[in-house]
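# Tertiary structure, described
If you want the building blocks of each chain, they are given just below.
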Amino acid sequence: MACLMQRFAVHRPFEGLAIAACLHVTAETAMMVRLLRAGGAAVSLAASNPLSTQDDIAAALAVRYGTAVFARAGVDRRGYYRHIERALGAGPDLVIDDGGDLVNTLHTRAAALLPAVRGGCESTATGVLRLRRMAAEGALAFPVIAADDTAAKRLVEGTCGTGQSVIDGILRATNTLLAGKAMVVAGFGASGRGVAERARGLGAQVIVTEVDPVRALDASLRGFRVLPMAQAAPLGEVFVTATGSCDVIGAEHIAAMRDGAILANAGHFDVEIDVRALENLAVAVHTGVRPHVDAYDLGDGRTVLLLAEGRVVNLVAAEGHPPEVMDLAFGIEALALAWLAAAVSPEAGGKLPVGVHEVPADIDAEAARLVLAAAGTSIDSLTPGQQAYLDSWRIGSLSGARNLAAAGTACSPTLWAGIPMGGPPVVAAGGRVSSSHATIPIGYTK
Ligand SMILES: NC(=O)c1ccc[n+]([C@@H]2O[C@H](COP(=O)([O-])OP(=O)(O)OC[C@H]3O[C@@H](n4cnc5c(N)ncnc54)[C@H](O)[C@@H]3O)[C@@H](O)[C@H]2O)c1
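Residues numbered from 1 in each chain as written. Predicted model: local features only at pLDDT ≥ 70, side-chain atom pairs only at ≥ 80, totals over all residues. Heavy atoms only, no water.

In this section: the overall build of the chain. Check the secondary structure of the chain and you find 17 helices and 17 strands. Within the chain, buried positions represent 49% of all 446 residues. The long-range fraction of contacts in the chain, counting pairs at least 24 apart against all pairs at least 6 apart in sequence, stands at 66%. Split by element, the accessible area of the chain, about 20,600 Å² in all, is 54% carbon and sulfur. (Helix = DSSP H or I, 4+ residues; strand = E, 2+ residues; numbered from the N terminus. Buried < 20%, exposed > 50% of the residue type's maximum accessible area, 1.4 Å probe, protein only. Contact = heavy atoms within 4.5 Å. Areas by Shrake-Rupley, 256 points an atom, 1.4 Å probe, with all protein chains shown as cover.)

A few words now on the nonpolar core. By size, the foremost hydrophobic cluster in this structure holds 50 residues, and its most contacted members are Phe 14, Leu 36, Ile 96 and Leu 337. At the level of secondary structure, the elements contributing two or more residues to this core comprise helix 1 (2-11), strand 1 (18-23), helix 2 (27-38), strand 2 (42-47), helix 3 (55-64), strand 4 (94-97), helix 14 (323-343) and helix 15 (361-374). Looking at this core element by element, the count peaks at 13 residues for helix 14. Beyond its immediate sequence surroundings of up to four residues, Leu 337 is in contact with Phe 14, Ile 19, Leu 36, Leu 94, Val 95, Ile 96, Gly 120 and Cys 121. Among the nonpolar cores identified, the runner-up in size contains 26 residues, and Met 183, Val 208, Phe 224 and Val 313 belong to it. (Core = buried A, V, L, I, M, F, W, Y, C linked by side-chain atoms within 4.5 Å.)

This part is about the sheet that holds strand 14 (residues 303-307). Paired through backbone hydrogen bonds, the strands of a sheet run either parallel or antiparallel to each other. One open sheet accounts for eight strands, arranged 9-8-7-10-11-14-13-12; its pairing is mixed. One side of each edge strand has no neighbouring strand; the edge strands of this open sheet are strand 9 (225-226) and strand 12 (284-290). Note: strand 7 (residues 182-186) against strand 10 (residues 238-241), four bridges, orientation parallel. Counted as the bridge partner of Val 185 is Val 240 from strand 10. Contacting strand 7, strand 8 (205-209) and strand 10, helix 8 (residues 190-201) crosses the sheet at an angle of about 170 degrees to strand 7. (Pairing = 2+ DSSP bridges. Axes fitted to C-alpha atoms, helices over the stretch in contact; angles between N-to-C directions.)

Our next topic: the pattern of salt bridges. For the coordinates displayed, the defined rule picks out 17 salt bridges. One salt bridge in this structure joins Lys 153 and Asp 148, with 3.7 Å as the shortest N-O distance. Classification of Lys 153 by relative accessible area gives buried; the value is 1%. Of the charged contacts, one joins Lys 153 and Glu 157 as a salt bridge, the two residues approaching to 2.9 Å between their closest N and O atoms. With Lys 153 and Glu 157 both in helix 7 (residues 151-174) and four residues apart, the pair spans about one turn of that helix. Each member of the pair, Lys 153 as well as Glu 157, is classed as buried. Connected via shared salt-bridge partners are Asp 148, Lys 153, Arg 154 and Glu 157. (Salt bridge = Lys/Arg side-chain N within 4 Å of Asp/Glu carboxyl O.)

Moving on, we come to the site of the ligand. Surrounding the ligand, one finds 26 residues, the nearest of these being Thr 124, Thr 126, Arg 154, Glu 210 and Arg 215. Contact distances for the ligand include 2.9 Å between an oxygen atom and a backbone N or O atom of Ser 191. A distance of 2.5 Å separates an oxygen atom of the ligand from a polar atom in the side chain of Glu 210. Taken by itself the ligand offers 860 Å² of open surface, and the protein chains cover 86% of this. Looking at the shell around the ligand, the elements with two or more residues in it are helix 6 (125-136), helix 7 and helix 8. (Near = heavy atom within 4 Å. Polar contact = N/O pair within 3.5 Å; in protein donor to acceptor, adjacent residues only side chain to side chain.)

On to a positive patch on the surface, then. Among the surface-exposed residues, Arg 72, Arg 78, Arg 82 and Arg 86 lie close enough to one another that they form a single positively charged patch. Assignment of secondary structure puts Arg 72 in the loop between strand 3 (68-70) and helix 4 (77-88). Residue classification places Arg 72 among the partly exposed positions, given a relative accessible area of 48%. (Patch = residues over 30% accessible without salt bridge, like charges linked within 9 Å, V, L, I, M, F, W, Y side chains within 5 Å. Lys, Arg positive; Asp, Glu negative; His and termini not counted. Charge placed at Lys NZ, Arg CZ, Asp CG, Glu CD.)

Glancing now at helix 9 (residues 213-221). Its side-chain oxygen 2.8 Å from the backbone nitrogen of Val 214, Asp 212 forms the N-cap of helix 9. Just downstream of helix 9 lies Gly 223, where phi reads positive at about 95 degrees.

Turning our attention to empty space enclosed by the protein. One pass over the full model with this rule turns up two cavities of 30 Å³ or more. Each pocket or cavity is described by its volume, and for the second largest cavity that value is around 30 Å³. Along the walls of the second largest cavity sit Ala 47, Pro 50, Phe 70, Ala 71, Arg 72, Val 75, Tyr 80 and His 83, which together make up its complete lining. Here the lining of the second largest cavity is built from residues that sort into six nonpolar, one polar and one charged. (1 Å grid on protein atoms, 1.4 Å probe; cavity = no way out; pocket = protein on both sides within 12 Å on 5 of 7 lines; lining within 4 Å. Points joined across faces, edges and corners; volume = space filled by probe spheres on them. Nonpolar A, V, L, I, M, F, W, Y, C, P; charged D, E, K, R; others polar.)

Before going further, it helps to spend a moment on the pairing of strand 2. As a general feature of sheets, a regular strand has side chains that alternate between the two faces. Taking burial as the measure, the six residues of strand 2 include five buried ones, the bulk of the element. Note that strand 1 and strand 2 share six bridges and pair parallel. Bridge pairing in strand 2 places Leu 23 opposite Ala 47. Since strand 1 and strand 2 lie parallel, the crossover through helix 2 that links them has a hand, and here it is right-handed. (Right-handed = clockwise from strand over helix to strand, strands pointing away.)

Another aspect to go through is the sheet that holds strand 1. The seven strands are arranged 3-2-1-4-5-6-15 in an open sheet whose pairing can be described as parallel. Two strands in the sheet have a free side with no partner beyond their single neighbour: strand 3 and strand 15 (355-357). Strand-to-strand twist in this sheet, taken as the mean axis angle between neighbours without regard to direction, amounts to 20 degrees. Sheet strands touched by helix 5 (residues 101-108): strand 1 and strand 4. Its angle to strand 4, the strand with the most contacts, is close to 130 degrees.

Notably, Arg 12 is not glycine yet its phi reads approximately 50 degrees, a positive angle. You can call Arg 12 partly exposed: its relative accessible area is 32%. A positive phi angle, close to 50 degrees, is found at Asp 247, a residue other than glycine. By secondary structure assignment, the location of Asp 247 is in the loop between strand 10 and helix 11 (251-255).

Have a look at this one:
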């Protein structure tokens, strides 16, 4: 982040642009806002989840960093949307969203502002899904980058960040011992896999539920037990939903659960656990038995515990992703937005087509490289010979070395490990190749 801050301060990729963002109002987001401002943007910010808002951070951003912040912890539904509308204010040039509510509001309740919007960025899987639907129906009015869909972000944020922080949220809320417990994880995407792997690391017996056969196979081959939710419900002691879908845990599942079952959601919206069904099944609800824990008495001696009212448990009961994770995630997003700002600028003379776009692969790599460098980790890079080999379609299985040499690319003998080359081939006048040993066909090392 610090490195990007310096770079943006020099290049000012957002000079004169207004950016409206709808993000979790946390310390990590504050750094993102400061980065955008360093790049020349005027930023307005609304919260993407009322329960994750840190009021002190909102105040600091407003007072110290000149940001128009519209967020307050625990605000109700009406207030939540009013804040988004106010963050849209007089009209942004660019938008950043986390879940799609800002883009949705822009297209439905603030459509007059749409012509000025050049493009945007979406941070999470659920938002990307909604945007793709909008684009497919021709309802999306500007180009958006799917910042969630990069290999580095999905690995670090989904698997490491969500995995660790969801477990953190469950432990802070309940102080339960996971070792030996049966934990059911619904969804084996980037987030669910992270939760499942971290829980297994703590000694839980993890059961995975899925609807995608490939993801289910993945879970099975990694040693997890895979079951439908109907079969997992009576077995589980802790349940985590991470699907992006709705009603993943419904009345029929809750009715089959063990006494003391703990229900937590990691998905973006509070629709994965059917909380209304839980309320209907309960004869009494004891709210706040611990912070972020409500106990639902089912009237037959069983009690089910719901964490964080069914909202994202890692953001409500813990602190969300650790800063290192958000450094990478926001780094990718900021670089992608800078790329988009340049691509849609009037000076560039053209607009990106309306639709959902991937993050350019070199941005993903650049962000990963910066994070590694910040940690003092360096990696190898391809030699010119290796690059030439990977780039060439002419090199066949039987004549690789000759062709490579004939193409004039000196290649280290170590590249051909196990092959007695006797030294780099020499290209003589007329393109003939000689070597101190006979050329050995590539791929045959006996
Ligand atoms: N809490 C966080 O900090 C955090 C971080 C990243 C993503 N998310 C959210 O978590 C959710 C999942 O994200 P992801 O990146 O893992 O998405 P993903 O699309 O990679 O994975 C979701 C998985 O759930 C499966 N699934 C869908 N419906 C299901 C059902 N009814 N039962 C069982 N499995 C089902 C899908 O087949 C898929 O494999 C999204 O809502 C995303 O926005 C939350």
